[in-house]
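An overview of the molecular structure
The chain contents come next:
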Amino acid sequence: LQVVGEPTSDLAVGHISATTGTGLPPKLQVAVRVTNHGTEPASAVLTLSAEDDALGRKQLRLDPAETATARFTLDPQTARWLEARLQDHTDDLVDNDASYALVPALREARVELVTPGNRFLEGVLAAMPGVKVRTRAPGSWRLPRGAIDLVVFDRCGPLQPLQLPSVYVAPPAGLGPWPVGPAV
């Protein structure tokens, strides 16, 4: 930004980005960059909303020429766009007090359930929104080739520890990530 003429007061939302993060289901990571282009310190409230639903707010105070990034971690959104807007301040350029971003499509979390049969565990995983569960019997399970977010072993386990997130429910002795049984 190059100022032409007299210096002005201007606090601006320069950029907003929204990306998918980690978790089951994946969280939405939002970063909003705000810059004080003015010659005096400035304060404002940064609000984040999705199609008119308030999602978060942060109080900001920036010195002249200072840039700050406000970060938000959100649950998955059904909205298609986000708005970052500066409020509770006045400056000479109101047109740069807001910025918009499209919400990225969140893919379903992929979970492998390895179990001899557990209707309660199967029911809990099936009820989780944004989670796609593939159930296999312990003798027929093989490490999948595609991306997997979590493997749940119910009363069984791999011969070698996996290099991906795993949960063990009542593993037999010697098949979990740590020793289990009376000799512990």
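Here's a quick rundown of the structure. (Residues numbered from 1 in each chain as written. Predicted model: local features only at pLDDT ≥ 70, side-chain atom pairs only at ≥ 80, totals over all residues. Heavy atoms only, no water.)

1. Observations concerning the sheet that holds strand β3 (residues 42-50)
Overall, antiparallel pairing links the four strands, which are arranged β4-β3-β6-β7 in an open sheet. Looking at which strands have only one partner, the edges of the open sheet turn out to be β4 (53-62) and β7 (98-102). Geometrically, the sheet is characterised by an average inter-axis angle of 20 degrees between neighbouring strands, direction not taken into account. (Pairing = 2+ DSSP bridges. Helix = DSSP H or I, 4+ residues; strand = E, 2+ residues; numbered from the N terminus. Axes fitted to C-alpha atoms, helices over the stretch in contact; angles between N-to-C directions.)

2. Some remarks on the environment of T135
Mapped onto the fold, T135 is located in strand β9 (residues 131-136). Look at T135 and you get partly exposed, because its relative accessible area is 35%. For the pair formed by T135 and V111, sequence separation is 24 residues and the distance between their alpha carbons is 8.5 Å. (Buried < 20%, exposed > 50% of the residue type's maximum accessible area, 1.4 Å probe, protein only.)

3. Regarding unusual backbone geometry
Despite not being glycine, R155 shows a phi value in the positive range, around 60 degrees. Turning to its location among the elements, R155 is positioned in the loop between β10 (150-154) and β11 (166-169).

4. Looking at the nonpolar core
V30, V32, L46 and L82 are the most contacted members of the largest nonpolar core, which totals 24 residues. Elements represented by at least two residues in this core include exactly β1 (11-20), β2 (28-36), β3, β4, β5 (67-74) and β6 (81-87). No other element matches β3, which puts five residues into this core. Apart from residues lying up to four places away in sequence, L46 is in contact with V13, V32, V34, G56, R57, K58, L60, A70, F72, A84, R85 and L86. (Core = buried A, V, L, I, M, F, W, Y, C linked by side-chain atoms within 4.5 Å. Contact = heavy atoms within 4.5 Å.)

5. Looking at a nonpolar patch on the surface
Taken together, the side chains of W81, Y100 and L102 make up a nonpolar region of the molecular surface, amounting to roughly 350 Å² of accessible area. Topologically, W81 is positioned in strand β6. (Patch = residues over 30% accessible without salt bridge, like charges linked within 9 Å, V, L, I, M, F, W, Y side chains within 5 Å. Areas by Shrake-Rupley, 256 points an atom, 1.4 Å probe, with all protein chains shown as cover. Salt bridge = Lys/Arg side-chain N within 4 Å of Asp/Glu carboxyl O.)

6. Let's talk about the sheet that holds β10
Read across the sheet, four strands follow the order β9-β8-β10-β11 without closing on themselves; strand pairing throughout is parallel. Looking at strand neighbours, the two that pair on one side only are β9 and β11, the edges of this open sheet. On average, each strand axis in the sheet is inclined to that of its neighbour by 20 degrees, with strand direction left out of account.

7. So, the pattern of salt bridges
With the rule as written, the count across this model stands at five salt bridges. The shortest N-O distance in the salt bridge between D63 and R61 comes to 3.1 Å. Residue class for D63 comes out partly exposed when judged on its relative accessible area of 36%. Linking E83 and R85 is a salt bridge whose minimum nitrogen-to-oxygen distance equals 2.8 Å. Using a relative accessible area of 14% as the deciding quantity, one classes E83 as buried. The class of R85 is partly exposed, set by a relative accessible area of 29%.

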